[in-house]
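# Results of the structural survey
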Amino acid sequence: MRIVGIGASAGGLVALEDFFRHMPPDTGLAFIVVQHLDPTQRAMLPELLQRYTRMPVEEAAQDSLILPNRVYVIPSNSELRVVDERIRLSQPLEPRGMRLPINVLFSSLAAVLNEQAIAVVLSGMGSDGTLGIQAIRATGGLVMVQAPASAEFDAMPRSAIATGFADIVAPAEELAERLLAFDLDRVESAGNQPEAKVPPPARPGRPIEAIIEILQQQTRHDFSLYKPSTLMRRIERRMLVHGLAEPLAYVQYLEENSQEVQLLFREILIGVTAFFRDPEIWTYLDEEALPALVATTPQGSDLRAWVVGCSTGEEAYSLAITFTEALEQLPSGHNITLQIFATDLSQEAITVARAGRYPKGIEEQVSKQRLARHFIKTAGGYQVKPDIRDKVLFAQHDVILDPPFTKLDLIACRNLLIYFDPMLQRRLLPLFHYSLRGHGLLMLGSSETVGRLSHLFEALKPRLRLYRRLRHDSISGSNFLLKSFPPLSTLSKEQSVPANSVSPKGSNNLQTAADHLLLQVYSPAAVVLNQEADIVYISGRTGKYLEPAAGKANWNIHAMAREGLRTPLYGALKQAALQKEPVMLHRVPVQAGDGIQHVDVTVQALSDPAALKDMTIVVFRDTAVTAKGRRGGKKSVPADDHDEEILRYQQSIDQLTEEATLTREELQASNEELQSTNEELQSANEELTSSKEEMQSMNEELQTINTELQTKLDDLALAQSDMQNVLNSIEIAILFLDQNLNVRRYTARAAKLISLRDSDVGRPLGELTSILEYPELEEDAKETLDTLKICEKQIATSEGRWFSISIMPYRRLDNVIDGVVITMFDITDTKQLESRLRKEPKGQR
């Protein structure tokens with residue numbers, strides 16, 4: 001059953017009325033409405049919506065079964081989830097104003113319904129629903145958003161649209177019509193077709209190949225080895241979103257809209273992910289597999305893992321948590337470190353993974369103990385703790401195109417191979433075998449196996465799809481790398497040139513030059529050949545000498561030459577290629593029609609003009625007329641012609657024999673040289689390819705680390721900017737000095753008391769001028785630095801103002817004294833009040 005989750009807030013009632021007014025009562029869909037309600041009042045929303053729809057509208061009740069053609073409304077002061085097509089209600093934990101019930105509903109729909117989940121975001125304030133639609137899109141569901149211009153409050157729709165995950169944006173009344181037009185049954189049926197019935201790979205010019213080429217041109221990624229059914233299901237989904245019925249129309253739409261190419265790219269990359277998905281395998285890893293792997297790891301070594309297709313990072317963090325808990329079981333003092341590389345094609349997914357922030361819905365996937373140990377609870381959900389976050393390096397990576405990570409102890413590639421065709425699967429598994437070291441582990445998805453490659457991996461738990469690497473001599477590093485690099489993709493990585501981009505000018509030049517030469521030098525029938533002896537131009541009538549061969553069209557002159565002409569023409573073409581002078585063949589007998597025609601043939605290699613360079617011209621001239629015998633149509637051939645024909649044949653045979661002997665000797669010598677050279681090259685290539693692979697893998701790791709460092713630098717720059725703004729915004733003058741009493745940092749107010757500019761950073765305190773009447777400032781700062789005692793004094797200025805000055809040690813987070821901090825607080829008003837009070841007689845106070 002399909003369930004539509006609808007989220008609304010302020011101004012949502014009008015949008016809900018418009019939506020249900022245009023929704024028929026017999027769609028087979030169930031609707032769940034979540035609106036931000038006053039927790040202290042009974043909700044009147046069911047009664048209000050019942051006026052605009054013929055479907056039954058009821059307040060959701062605990063554990064009630066969700067039925068089609070009904071509308072369920074969330075009760076006040078509740079959170080609503082869908083579990084096994086039943087409604088589960090719970091009390092919100094967050095205080096009022098911090099609750100995000102729409103995210104809760106959408107996340108549960110994504111977990112239960114996957115591709116059939118539908119989310120609708122209507123008018124409202126805030127950003128509730130934004131994280132939820134990300135979960136919907138991650139599982140391939142449909143996201144619909146009310147157009148901000150038609151919403152009474154547009155904050156929620158705009159926040160949803162800003163994620164880039166909205167499939168359909170339209171006014172509320174049109175959303176109902178677009179939902180009905182989106183035939184999910186059609187998409188589902190496309191995905192349920194047996195794989196055996198999938199048509200063969202697309203031929204050039206078919207829409208699916210054109211779409212793959214467009215994707216490759218704009219995204220660099222090659223989807224030619226994905227299963228056709230997977231691609232067609234994703235493509236058809238985008239077609240339905242845009243109301244396009246024909247694939248060719250969608251190809252044209254892609255060519256005209258680069259943004260749609262990116263949306264299709266994201267659609268294809270959608271992956272189902274969750275923390276500790278398939279709990280049985282994680283239990284086995286935690287209790288047996290990982291402790292055994294850690295126990296065999298030498299002290300001082302690194303444990304390295306690679307999560308392929310990590311999506312938004314849940315599986316990578318699950319592996320980091322499990323590994324960390326396994327390392328904690330070791331005796332204290334061990335120095336084994338952990339590094340996990342997590343890669344995915346989608347830059348958007350990598351960005352989410354790096355942030356490490358997840359909605360509250362992960363409470364159903366992660367135990368309370370692990371949530372408390374490895375996560376920080378936030379207003380919107382949970383944040384991965386730094387000690388787990390720092391163990392994972394995320395990077396955008398294409399397992400088909402880019403070099404792999406190597407020297408790994410574990411590879412997790414779950415539910416990715418099922419999208420590839422069998423040929424690519426058989427090429428990726430040896431890649432994983434090469435990347436693992438020793439008896440490393442390979443984790444596959446529940447629907448994936450190693451197939452016929454059982455000589456590379458042995459199953460530890462076949463049902464759990466967990467395998468151990470086997471040593472196999474036939475998979476040598478050099479052999480494998482030669483087959484894997486260039487990348488596993490079979491499509492050319494160069495941009496193809498459209499057929500209509502080739503100017504016809506070349507062919508016109510060829511025709512003009514050939515005609516000019518033939519008219520000037522030769523007048524009889526002739527043909528021009530390219531280097532492969534294919535006919536590229538014909539002049540005059542050549543039917544007496546050439547005829548098309550039976551079967552597939554073939555323009556090669558050896559195939560088209562008539563009987564009697566083929567053998568001498570072959571020798572003449574070879575001879576003409578070796579000399580500048582033309583080769584002449586005299587009185588060659590050619591079978592023409594019902595008689596013999598004697599022909600003179602001239603063969604000459606051409607170098608001028610430029611259009612005919614490296615081509616050959618063959619000219620035919622008749623020398624005798626076919627004669628018929630008067631009796632029974634027998635042929636009459638003169639004796640001297642007969643002898644000449646025999647002699648010509650004998651010469652041809654001798655020539656061919658001599659050429660064959662010479663060629664055989666040359667080939668034998670060349671073969672011996674090639675064998676020797678091949679042995680040397682193979683030896684050198686083994687070393688070079690091994691070094692190249694190491695360098696490629698090292699470069700990939702360095703790029704990944706560099707990306708992580710750049711992200712941290714950005715965070716540090718932002719924190720420094722925040723700190724500078726805080727210091728400048730307070731009314732207290734502050735001066736930071738290092739251990740040598742040189743200026744390290746100061747606030748804008750401090751610059752008014754002590755002459756400070758940006759260029760003064762690093763200057764000694766004693767070199768600065770000040771309006772403070774405090775000549776012993778430097779001595780007091782030295783004393784504080786030596787004794788760690790706080791010095792506090794009230795000091796006047798040359799302008800008649802008073803300041804309370806406090807000098808205290810500068811203590812770093814690691815409890816190291818690294819200078820002093822001088823704070824100067826204006827107490828002029830206090831001093832003036834104190835002075836007035838002292839001057840007044842006691843009786844007037």
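Here the structure is shown first, and the text comes after it.
Notes on the structure follow. Everything numeric in this text was worked out from a predicted model, so none of it was measured.

This paragraph deals with the side chain of D818. Within the secondary structure, D818 sits in strand β29 (residues 817-826). Judged by relative accessible area, which is 18%, D818 ranks as buried. If we skip the residues at most four places from it in the chain, D818 touches L737, D738, Q739, R744, Y810 and R812.

Our next topic: helix α10 (residues 247-256). Here α10 has its buried residues at Y250, V251 and L254. Projected down its long axis, α10 shows its buried positions confined to an angular sector of 105°, all on one face. Those residues of α10 that are exposed and aimed more than 90 degrees away from the buried face are L248, E255 and E256. The inward-facing, buried residues of α10 contact α8 (207-219), α9 (228-241) and α11 (258-269).

What follows concerns the sheet that holds strand β26 (residues 743-746). Strand order across the open sheet formed by 5 strands is β26-β25-β29-β28-β27, with antiparallel pairing between neighbours. Edge strands, defined here as strands with exactly one partner in the open sheet, are β26 and β27 (791-796). On average, each strand axis in the sheet is inclined to that of its neighbour by 20°, with strand direction left out of account. As defined by bridge partners, strand β28 (residues 802-811) adjoins β29 across 8 bridges and the pair is classed as antiparallel. By the bridge assignment, I805 is partnered in β29 with M824.

A word on the sheet that holds strand β19 (residues 466-469). Note on sheets: strands pair through backbone hydrogen bonds, and any given pair is parallel or antiparallel. The strand order across the open sheet formed by 7 strands is β15-β11-β10-β16-β17-β19-β18, and the pairing between neighbours is mixed. At either end of the open sheet lies a strand with only one pairing partner, and these are β15 (392-396) and β18 (457-461). In this sheet, neighbouring strand axes are inclined to one another by 20° on average, regardless of whether the strands run parallel or antiparallel. Here 3 bridges tie strand β10 (residues 302-308) to strand β16 (residues 408-413), and the two strands are oriented parallel to one another. For W306, the partnering residue across the bridge sits in β16 and is I411. Its contacts with the sheet place helix α13 (residues 314-328) against β10, β11 (337-344), β15 and β16, and it is angled at close to 170° to β11.

What counts as what
Residues numbered from 1 in each chain as written. Predicted model: local features only at pLDDT ≥ 70, side-chain atom pairs only at ≥ 80, totals over all residues. Heavy atoms only, no water. Helix = DSSP H or I, 4+ residues; strand = E, 2+ residues; numbered from the N terminus. Buried < 20%, exposed > 50% of the residue type's maximum accessible area, 1.4 Å probe, protein only. Contact = heavy atoms within 4.5 Å. Arc of directions from axis to C-beta. Pairing = 2+ DSSP bridges. Axes fitted to C-alpha atoms, helices over the stretch in contact; angles between N-to-C directions.

Everything listed is a geometric property; what it means functionally is a separate question.
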